[in-house]
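Examination of the molecular architecture
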Amino acid sequence: MEPNTPAPGLRETKKRETRQLISDQATRLFIERGFERTTIAEIADAARVAKKTVTNYFPHKEDLALDHQDEFVAALAGTVAAREPGVTPLTALRNAFLAAVAVQDPVAGFAGPAFTRMIADSPTLTACLRGLHDQREEALTATLAESTATPPDDITPRTAAALLGGVHRVLFARIQELTLAGRTNPEIAEVLTREAPRAFDLLAPALAEYGRA
């Protein structure tokens, strides 16, 4: 290794810091100016990096605004895959959502008024979010099919994933709605703690025993 070459750990730390800096500056500009009106060049200038550096870390502009996409898409499938023996997907997802509400998890929708408004005001980001919900259901379908030894193209895991994913869409939108109405995160968490169980209970007649591990 050359004397002036950073150690691998230092290089990775530097990359993470650069990525976070770009993300932070992009979010600031998106909130101030709007997603559509902010350019990659402006983000690069604000982060004091080259434009190509921005696109190396974030290939698509939407990635700069929604930088927890992988975590969001994998969340439901991961919860179902990790459930304890004897626990149904419905119970596992219900418990996981209530736990996310308790800690006011941004991935569950607790993103704050400025960020939530940024998404609501952007047709591009609104469409992207719908696509992420779709991808999350597809990932859940695959996991449900695997855990129940059912072909992925069978109607049962696809329907179950649509029902379970649909409840999460409604609850995510509810958090956004309350955020835009000026409610604080603790207030929203209190509302969702009451409302989310009712939403999940509506699925019990169909999914109470489905996929019991």
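Note that the structure is a prediction, hence the values are computed from the model and not measured.

Cut-off values and rules
Residues numbered from 1 in each chain as written. Predicted model: local features only at pLDDT ≥ 70, side-chain atom pairs only at ≥ 80, totals over all residues. Heavy atoms only, no water. Helix = DSSP H or I, 4+ residues; strand = E, 2+ residues; numbered from the N terminus. Buried < 20%, exposed > 50% of the residue type's maximum accessible area, 1.4 Å probe, protein only. Contact = heavy atoms within 4.5 Å. Areas by Shrake-Rupley, 256 points an atom, 1.4 Å probe, with all protein chains shown as cover. Lys, Arg positive; Asp, Glu negative; His and termini not counted. Charge placed at Lys NZ, Arg CZ, Asp CG, Glu CD. Salt bridge = Lys/Arg side-chain N within 4 Å of Asp/Glu carboxyl O. Axes fitted to C-alpha atoms, helices over the stretch in contact; angles between N-to-C directions. Parallel < 35°, antiparallel > 145°, perpendicular 65-115°, else oblique. Nonpolar A, V, L, I, M, F, W, Y, C, P; charged D, E, K, R; others polar. Phe/Tyr/Trp six-rings, centres within 6.5 Å; stacked < 30°, edge-to-face > 60°. Left-handed = near helix turned anticlockwise from the far one by under 90°.

**Focus: the overall build of the chain**
The helix and strand tally for the chain stands at 11 helices and zero strands. For the chain, the N- to C-terminal ordering of α and β elements is α-α-α-α-α-α-α-α-α-α-α. Projected onto its principal axes, the C-alpha coordinates of the chain cover approximately 60 × 50 × 30 Å. Per-residue burial over the chain gives 39% buried out of 213 residues. Long-range pairs, those at least 24 residues apart, make up 70% of the contacts in the chain between residues at least 6 apart in sequence. With an accessible surface of roughly 11,600 Å², the chain has 55% of that area assigned to carbon and sulfur atoms. Each charge class in the chain was averaged separately, 24 positive and 28 negative side chains, and the resulting centres sit 4 Å apart.

**Remarks on the side chain of Asp63**
Mapped onto the fold, Asp63 is located in helix α4 (residues 61-65). Buried charged residue Asp63 carries no salt bridge. Nearest counter-charge: Arg19, at 7.2 Å. With residues up to four places along the chain from it excluded, the contact list for Asp63 reads Phe58 and Gln69.

**A look at the packing of helix α7 (residues 113-120) against helix α8 (residues 123-147)**
Direction vectors running N to C along α7 and α8 enclose 95 degrees, while the axes themselves pass 6 Å from each other. Looking at the two axes, α7 sits roughly perpendicular to α8. The segment α7 lies against α8, with Met118, Ile119 and Ala120 engaging Leu125, Thr126 and Leu129. The residue makeup of the contact of α7 with α8, split by class, is five nonpolar, one polar and no charged.

**A word on the packing of aromatic side chains**
Under the criterion given, the structure shown has three aromatic pairs. With a centroid separation of 4.8 Å and an interplanar angle of 55 degrees, the aromatic rings of Phe30 and Phe35 are classed as tilted. Here the two residues Phe30 and Phe35 agree in accessibility, since each one is buried. Geometrically, the ring pair formed by Phe72 and Phe172 is edge-to-face, given 5.8 Å between the ring centres and 80 degrees between the ring planes.

**So, the packing of helix α6 (residues 89-102) against helix α9 (residues 155-180)**
α9 packs onto α6 with a crossing angle of 15 degrees between their chain directions and a minimal axis gap of 11 Å. Here α6 lies roughly parallel to α9, going by the angle between them. Note on packing geometry: the crossing formed by α6 with α9 is right-handed. Taken together, the residues of α9 that come into contact with α6 (itself represented by Pro89, Leu90, Leu93 and Phe97) are Leu164, His168, Leu171 and Ile175. Its residues assigned to classes, the contact of α6 with α9 shows seven nonpolar, one polar and no charged.

**Side note on the side chain of Ser23**
Following the sequence through the fold, Ser23 ends up in helix α1 (residues 8-33). Residues in contact with Ser23, not counting those within four places in the same chain, are Phe58, Leu64 and Asp67.

**Quick word on the environment of Leu93**
Structurally, Leu93 can be placed in helix α6. Overall, Leu93 belongs to the buried group, its relative accessible area being 1%. As for Leu93 and Gly211, which are separated by 118 residues in sequence, their C-alpha atoms are 12 Å apart. Discounting residues that sit within four places of it in the chain, Leu93 has contacts with Leu76, Thr79, Val80, Leu140, Leu164, His168 and Phe200.

**Observations regarding the pattern of salt bridges**
This model, assessed by the stated rule, comprises 12 salt bridges. Where Glu42 meets Arg33, a salt bridge forms, and the shortest distance between an N and an O atom there is 3.1 Å. Given a relative accessible area of 29%, Glu42 falls into the partly exposed group. In this structure Arg33 comes out as partly exposed when scored by relative accessible area, which is 35%. Residues Arg169 and Asp134 are paired through a salt bridge, measuring 2.4 Å at the closest nitrogen-oxygen approach. Of this pair, Arg169 sits in helix α9 while Asp134 sits in helix α8, and the two are 35 residues apart along the sequence. Judged by its relative accessible area of 24%, Arg169 falls in the partly exposed class. Each of Asp134, Glu137 and Arg169 takes part in a single network of salt bridges with overlapping partners.

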